[in-house]
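Summary of the model geometry
Here's the letter readout for the chains.
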Amino acid sequence: MNNTVICPGSFDPVTLGHVDIIKRASKMFDKVIVAVLVNMSKTPSFSIDERIAFLEKALEGVDNIEIVGFSGLLADYAKERNAKAVVKGLRAMSDFEYEFQMALTNKKLNPELDTVFLTSDSQYMYLSSSMVKQIASLGGDISYFVPQSIHEQVYERLKTGARKETVK
Ligand code: PNS
């Protein structure tokens, strides 16, 4: 039986919430493809290569995963890799409509492709990459939100790339 699934996302950058979902998926399925994809409604802060490098560091030691970048449709990539399902984390009700829309669209494009939702751990319910970016670019501590192995690198990169407006 094919037990390969895909965990897709922008991962801009990967957070502890993402790591938790990917690790839990890796215990449930034979293989997890972690796919860094393009979300056309977001402007990324990190290149796909940087995001992949962060994921590789954050997920060191997790054997049954493969980390890839892909710039096309998730539904096509899943078919190409013969993946059985998409796995996504659901934080609060606010995620539901957006995730449901994506799941149904992907199913329409690739009728073989189901989406499985894992409920976010309660400690990561509020966590998002955009929150991490906002905190770091304003000089705040992101060590509670991103894996320890990358938090320094993410922080430095976001801090130096910050565009601080002067508020009178
Ligand atoms: O972490 P995100 O930004 O919520 O992830 C969204 C993502 C990247 C999974 C989604 O935008 C996506 O699948 N992009 C690839 C292009 C695609 O297939 N778009 C149609 C999906 S409905």
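A short tour of the structure in this document, coming up. Counting of residues starts from 1 at the beginning of each chain's written sequence and follows it residue by residue. The predicted nature of this model means local features are confined to residues of pLDDT at least 70 and side-chain atom pairs, given and counted, to a pLDDT of 80 or more, with totals for whole chains, interfaces and linings taken over all residues. Note that water and hydrogens are dropped before the side-chain values are worked out from all heavy atoms of the structure.

**Let's talk about a nonpolar patch on the surface**
So the rule is basically this: Patch criteria: residues need more than 30% relative accessible area and no salt bridge. Like-charged residues are merged within 9 Å; nonpolar side chains of Val, Leu, Ile, Met, Phe, Trp and Tyr are merged within 5 Å. Using a 1.4 Å probe, accessible areas were evaluated by the Shrake-Rupley method; residue-level cover was limited to the displayed protein chains. By definition, a salt bridge exists where a carboxyl oxygen of Asp or Glu is found within 4 Å of a side-chain nitrogen of Lys or Arg. The helix and strand labels rest on DSSP assignments: H or I over at least four residues marks a helix, E over at least two residues marks a strand, and numbering proceeds from the N terminus. Whether a residue is buried, partly exposed or exposed follows from its accessible area with a 1.4 Å probe, protein chains only, as a fraction of its type maximum: under 20%, in between, or over 50%, in that order.
A contiguous nonpolar surface patch, about 440 Å² in accessible area, is contributed by M93, F96, F100 and L104. Its location among the elements puts F96 in helix α4 (residues 93–109). Classification of F96 by relative accessible area gives partly exposed; the value is 35%.

**What to know about the packing of helix α2 (residues 48–58) against helix α6 (residues 148–160)**
To keep it simple, the criterion reads: Inter-axis angles, ranging from 0 to 180 degrees, are taken between N-to-C directions of lines fitted to C-alpha atoms, where helices are fitted over the stretch in contact. Oblique is the label for any angle not under 35 degrees, not over 145, and not in the 65 to 115 range, which are roughly parallel, roughly antiparallel and roughly perpendicular in turn. A crossing counts as left-handed when the near helix is turned anticlockwise from the far one by less than a right angle, and as right-handed when that turn is clockwise. Only heavy atoms enter the contact rule, under which two residues are in contact if any of them lie within 4.5 Å. When residues are sorted by character, Ala, Val, Leu, Ile, Met, Phe, Trp, Tyr, Cys and Pro go into the nonpolar class, Asp, Glu, Lys and Arg into the charged class, and all the rest, Gly among them, into the polar class.
Close contact between α2 and α6 brings their axes to 8 Å; oriented N to C, the two are set at 155°. Taken together, the axis directions place α2 and α6 in an arrangement best described as roughly antiparallel. Crossing of α2 against α6: the hand is left-handed. For the pair α2 and α6, the contacting residues are E50, F54, K57 and A58 in the first and S149, I150, Q153, V154 and R157 in the second. Split into classes, the residues belonging to the contact of α2 with α6 amount to four nonpolar, two polar and three charged.

**What to know about α4**
In an α-helix, one full turn covers 3.6 residues, which means residues spaced three or four apart are oriented alike. Stated precisely, the cut-off is as follows: Helix span, as expected, comes to 1.5 Å for every residue beyond the first.
Taking 1.5 Å of rise per residue, the 17 residues of α4 would be expected to cover 24 Å, and the 25 Å separating its terminal C-alpha atoms lies within 8% of that figure. Residues of α4 that are buried include every one of D95, E99, A103 and N106, and no others. Of the surrounding elements, those touching the buried residues of α4 are α3 (74–80), β4 (85–90) and β5 (114–119).

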